[in-house]
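Summary of the model geometry
Residue strings, one per chain:
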Amino acid sequence: MDKIKRYIITIIAWILIFPITGIVGLSFLLSGVVVMVVGVINFILMHFDIDFGLVNIFNYNFGNFTEFIISLGIGITLFIIGNKLWRITKQIYNWLQSLKLNPNFTKR
């Protein structure tokens, strides 16, 4: 009965928890970096009064420095959340490897 519980926990972790934390963690890491890079590009372009239509962050103009700080704050927050989720993913993977489930059904 103990092995069945381990297999059920492992299946649930591999099917549900592991992919969600891995995909969301990597997405947040990538999004955090992209938001920070776009914020820096927007800050530099707005500093030189260049209006590049693809790098509009907000519909309302908060000001050059305020938009830069907001984009850095959002980028850093997304990066930290993504980093934590990725660490959780690695911990789940190591925990599942430590269970050492050996499906040897021939021996009883």
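Every chain begins its residue count from 1, and numbering advances along the sequence as written. For a predicted model such as this one, the threshold for reporting local features is a pLDDT of at least 70, and the threshold for listing and counting side-chain atom pairs is 80 or more; totals across whole chains, interfaces and linings nevertheless cover every residue. Side-chain descriptors were evaluated using all non-hydrogen atoms of the structure, hydrogens and water having been removed beforehand.

1. Details of the packing of aromatic side chains
This is how it is decided: Any two of the Phe, Tyr and Trp rings considered here, Trp counted by its six-membered ring, make a pair once their centres fall within 6.5 Å; the pair's planes then place it as stacked at under 30 degrees, edge-to-face at over 60, or tilted in between. Counting from the N terminus, the helices are the DSSP runs of H or I reaching at least four residues and the strands are the DSSP runs of E reaching at least two. Think of it in three bands: residues with accessible area under 20% of the maximum for their type are buried, residues over 50% are exposed, and the middle band is partly exposed, with areas taken using a 1.4 Å probe on protein chains only.
All chains considered together, the criterion is met by five aromatic pairs. Seen from their ring centres, W14 and Y93 are 6.1 Å apart, and the 85 degrees between their planes marks the pair as edge-to-face. Of the two residues, W14 sits in helix α1 (residues 2-47) while Y93 sits in helix α2 (residues 64-99), which places them 79 residues apart along the sequence. Classification of Y93 by relative accessible area gives partly exposed; the value is 36%. A connected cluster of aromatic rings, assembled from ring pairs, spans W14, F18 and Y93.

2. With respect to α2
Just so we agree on the cut-off: Expected span of a helix, by definition, is 1.5 Å for each gap between consecutive residues, and there is one gap fewer than residues.
Compared with the 52 Å implied by 1.5 Å per residue over 36 residues, the 53 Å span of α2 between its first and last C-alpha is a close match. Within α2, burial applies to E67, F68, S71, G75, L78, G82, L85, T89, I92, L96 and L99.

3. Some points on unusual backbone geometry
The phi dihedral of D49 is positive, around 55 degrees, even though this residue is not glycine. Mapped onto the elements of the fold, D49 is located in the loop between α1 and α2. The class of D49 is exposed, set by a relative accessible area of 71%.

4. Notes on the nonpolar core
What counts, and what does not: Buried Ala, Val, Leu, Ile, Met, Phe, Trp, Tyr and Cys residues form a nonpolar core when they are joined through side-chain atoms within 4.5 Å. By the convention used here, residues are in contact when the closest approach between their heavy atoms is within 4.5 Å.
Formed by A13, F18, I92, L96 and L99, the largest nonpolar core amounts to five residues. Taken together, the elements giving at least two residues each to this core come down to α1 and α2. Once residues lying within four places of it in the same chain are set aside, the contact partners of L99 are R6 and T10.

5. So, α1
We count it as follows: The quantity called bend is, for any residue, the angle between two axes fitted respectively to the seven residues ending at it and the seven beginning at it.
With 46 residues, α1 ought to run about 68 Å at 1.5 Å a step, and its terminal C-alpha atoms sit 64 Å apart, in line with that. Along α1, the sharpest kink reaches roughly 45 degrees, centred on A13. Looking at α1, one finds that the buried residues are T10, A13, F18, T21, G22, G25, L29, G32, G39, N42 and L45. Of the surrounding elements, those touching the buried residues of α1 are α2. Looking one or two places after α1, you find D49, whose phi comes out positive at around 55 degrees.

6. Topic: the packing of α1 against α2
A pair of packed helices can be characterised by two numbers: the angle between their axes and the separation between those axes. Going by this rule: Note on geometry: axes are C-alpha line fits, over the in-contact stretch for helices, and angles between N-to-C directions span 0 to 180 degrees. Here roughly perpendicular refers to angles of 65 to 115 degrees, roughly parallel to angles under 35, roughly antiparallel to angles over 145, and oblique to all remaining angles. Crossing chirality is assigned from the near helix's rotation relative to the far helix, an anticlockwise turn below a right angle marking it left-handed and a clockwise turn marking it right-handed. Here the nonpolar group is Ala, Val, Leu, Ile, Met, Phe, Trp, Tyr, Cys and Pro; Asp, Glu, Lys and Arg are the charged ones; every other residue, Gly included, is treated as polar.
Contact geometry of α1 with α2 gives a least axis separation of 7 Å together with a crossing angle of 160 degrees. Classified by the angle between their axes, α1 and α2 sit roughly antiparallel to one another. For the pair α1 and α2, the crossing hand works out as left-handed. Its residues assigned to classes, the contact of α1 with α2 comprises 31 nonpolar, 15 polar and two charged.

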